[in-house]
Amino acid sequence: MSLQVDLALERGDFRLSVNGALPERGVTILFGVSGAGKSSLLKAIAGLQPCRGLIRFDDRVWQDEHQALPAHRRPVGLMLQRPTLFPHLDVAGNLRFAARRSGATDGRWREVVALTELQPLMERGVAGLSGGEAQRVALARALLTEPDLLMLDEPLSALDAERRQALMAVIARVGERLPVLYVTHQLDEVMTLGDHLWWLDRGGLREQGPLAECLAGLHGPLAAGGQAAVVLRTRHRGYDERHHLLELTLGDAVLRLPAAGPRGDTPRLKVAARDVSLALSPVRDSSVLNILPATVDALRDLGHGQCLVRLRCAGQWLLARVSTLSRDRLGLRPGVALHAQIKAAALV
């Protein structure tokens, strides 16, 4: 099941024109500055915002020049930035409404309630819920609709760090079986959840594709600012109990980072460009634990004496932000072999 859109809408001076496709499964991050049109795009896809053009899901046309399915006939689970719960129903009533419409089983009900930790709130009126509690109810209701497409607009913004981590894991599992379109401004959510990226800029899709490739673009959404970073996919190797270091492999190289205990998963690592330094030969007498062989792929002058360097490392991308003086001293240019150095404490 995949979503294809080629739509346009106008509202006053605002113009939105989007032509893109979601993969059959996985979490696609919808990223862009405030006012870029992210919420309007979700509402248009769901049938809540009038628009022109084509919206197709798998082999079913939701909208074209001849017809537009009403919102209730589109198999979408939608959670907006401000949860719209039924005020006359308690928490359980809001969830039952979704479950009845989709025919969700009792087992599915129990599963979703447990995942969102809502059992203590079931008899509460929604007017008395905190922002974070209302977000959890809205997320549970969206999941209970048993959608073919899940769209979430900053669903975790009012939650504490612990619950955010738990619900990110829930959303990631949902993305393993259906497409998820996820709006966020939080970089940790982008890095933890994202499989693909839609970058919405000035009313259009500036870039779309696999997250790792989009983030590594020298003109991508984070490239020019201090947030430039990439995601590395690694494999678990072991745990150094004496030094409390998690050991991961990236190709033939070993990465080490602080950790409270061993882990059995295959971690994603966020590596910020500002945390990567470069050397033409491996440094042997340094406190830096992670020294990776790499090759310069491309460079971008950022101005003000700063340069962004894209590196190829074990088949993946890495970014380094260095001064133009360092660039010139090292003779950096495409094809130069060097070593990327990353402090263990910088890896998360």
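Residues numbered from 1 in each chain as written. Predicted model: local features only at pLDDT ≥ 70, side-chain atom pairs only at ≥ 80, totals over all residues. Heavy atoms only, no water.

S.K.: Explain the packing of aromatic side chains to me, please; I cannot follow it from the model alone.
M.R.: In this description, an aromatic ring pair is defined by two values, namely the gap between the centres and the angle between the planes. Across all of its chains, the model carries two aromatic pairs by this definition. With a centroid separation of 5.3 Å and 15° between ring planes, the pair formed by phenylalanine 57 and tryptophan 62 is classed as stacked. Both residues of the pair, phenylalanine 57 and tryptophan 62, belong to the buried class. On the numbers, 4.8 Å between centres and 75° between planes, the contact of phenylalanine 86 with phenylalanine 97 is edge-to-face. A residue pair is termed long-range when its members are at least 10 positions apart, and phenylalanine 86 in the loop between β6 (76-79) and α2 (91-102) and phenylalanine 97 in helix α2 qualify at eleven residues. Taking the relative accessible area as the measure of exposure, phenylalanine 97 reaches 31% and is therefore partly exposed. (Phe/Tyr/Trp six-rings, centres within 6.5 Å; stacked < 30°, edge-to-face > 60°. Buried < 20%, exposed > 50% of the residue type's maximum accessible area, 1.4 Å probe, protein only. Helix = DSSP H or I, 4+ residues; strand = E, 2+ residues; numbered from the N terminus.)

S.K.: Would you mind showing me how to read the sheet that holds strand β13 (residues 245-250) here?
M.R.: Strand pairing within a sheet occurs via backbone hydrogen bonds; the two strands may be parallel or antiparallel. The strand order β12-β13-β14 describes an open sheet built from three strands, whose pairing is antiparallel. Because the sheet does not close on itself, it has two edges, and the strands there are β12 (235-240) and β14 (253-258). The mean inter-strand angle of the sheet, taken between neighbouring strand axes irrespective of direction, is 30°. Here β12 pairs with β13 via five bridges, running antiparallel. Paired with histidine 236 across the bridge in β13 is leucine 248. (Pairing = 2+ DSSP bridges. Axes fitted to C-alpha atoms, helices over the stretch in contact; angles between N-to-C directions.)

S.K.: What is the right way to read unusual backbone geometry from this model?
M.R.: Peptide bonds are mostly trans, and most non-glycine residues show a negative phi. Although it is not a glycine, arginine 202 sits at a positive phi angle of roughly 50°. With respect to the helices and strands, arginine 202 occurs in the loop between β9 (196-201) and β10 (204-210). In this structure arginine 202 comes out as exposed when scored by relative accessible area, which is 71%.

S.K.: I'm lost on helix α5 (residues 161-175) in this one. Help?
M.R.: One turn of an α-helix holds 3.6 residues; hence residues three or four places apart share an orientation. The terminal C-alpha atoms of α5 lie 21 Å apart, and with 15 residues this matches the ideal 21 Å at 1.5 Å per residue to within 8%. Within α5 the residues assigned to the buried category are Arg164, Leu167, Met168, Val170, Ile171, Val174 and Gly175. Summarising the axial view, the buried residues of α5 lie within an arc of 160°, below the 170-degree limit, and thus occupy one face. For α5, the secondary structure elements touched by its buried residues are β3 (26-31), α3 (106-115), α4 (131-144), β7 (149-153), β8 (179-183) and α6 (187-193). (Expected span 1.5 Å × (residues − 1). Arc of directions from axis to C-beta. Contact = heavy atoms within 4.5 Å.)

S.K.: It is not clear to me how helix α1 (residues 38-46) should be interpreted in this structure. Could you clarify?
M.R.: The element α1 is largely enclosed, with a buried count of seven among its nine residues. Restricting attention to buried positions, one finds in α1 the residues Lys38, Ser40, Leu41, Leu42, Ala44, Ile45 and Ala46. One or two positions beyond α1, positive phi appears at glycine 47, with a value near 90°.

S.K.: So what exactly am I meant to see when it comes to the pattern of salt bridges here?
M.R.: For side chains bearing opposite charge, pairing can occur when the charged atoms are close. Inspection of the entire model under this criterion finds 16 salt bridges. Across the pair arginine 108 and glutamate 111 runs a salt bridge, and its minimum N-O distance is 2.9 Å. Here arginine 108 and its partner glutamate 111 are both found in helix α3, three residues apart, which amounts to about one turn of the helix. One salt bridge connects arginine 256 with glutamate 247, and the closest N-O pair in it is separated by 3.6 Å. Residue glutamate 247 is classed as buried on the basis of its relative accessible area, which comes to 14%. Overlapping salt bridges bring together Arg108, Glu111 and Glu146 as one network. (Salt bridge = Lys/Arg side-chain N within 4 Å of Asp/Glu carboxyl O.)

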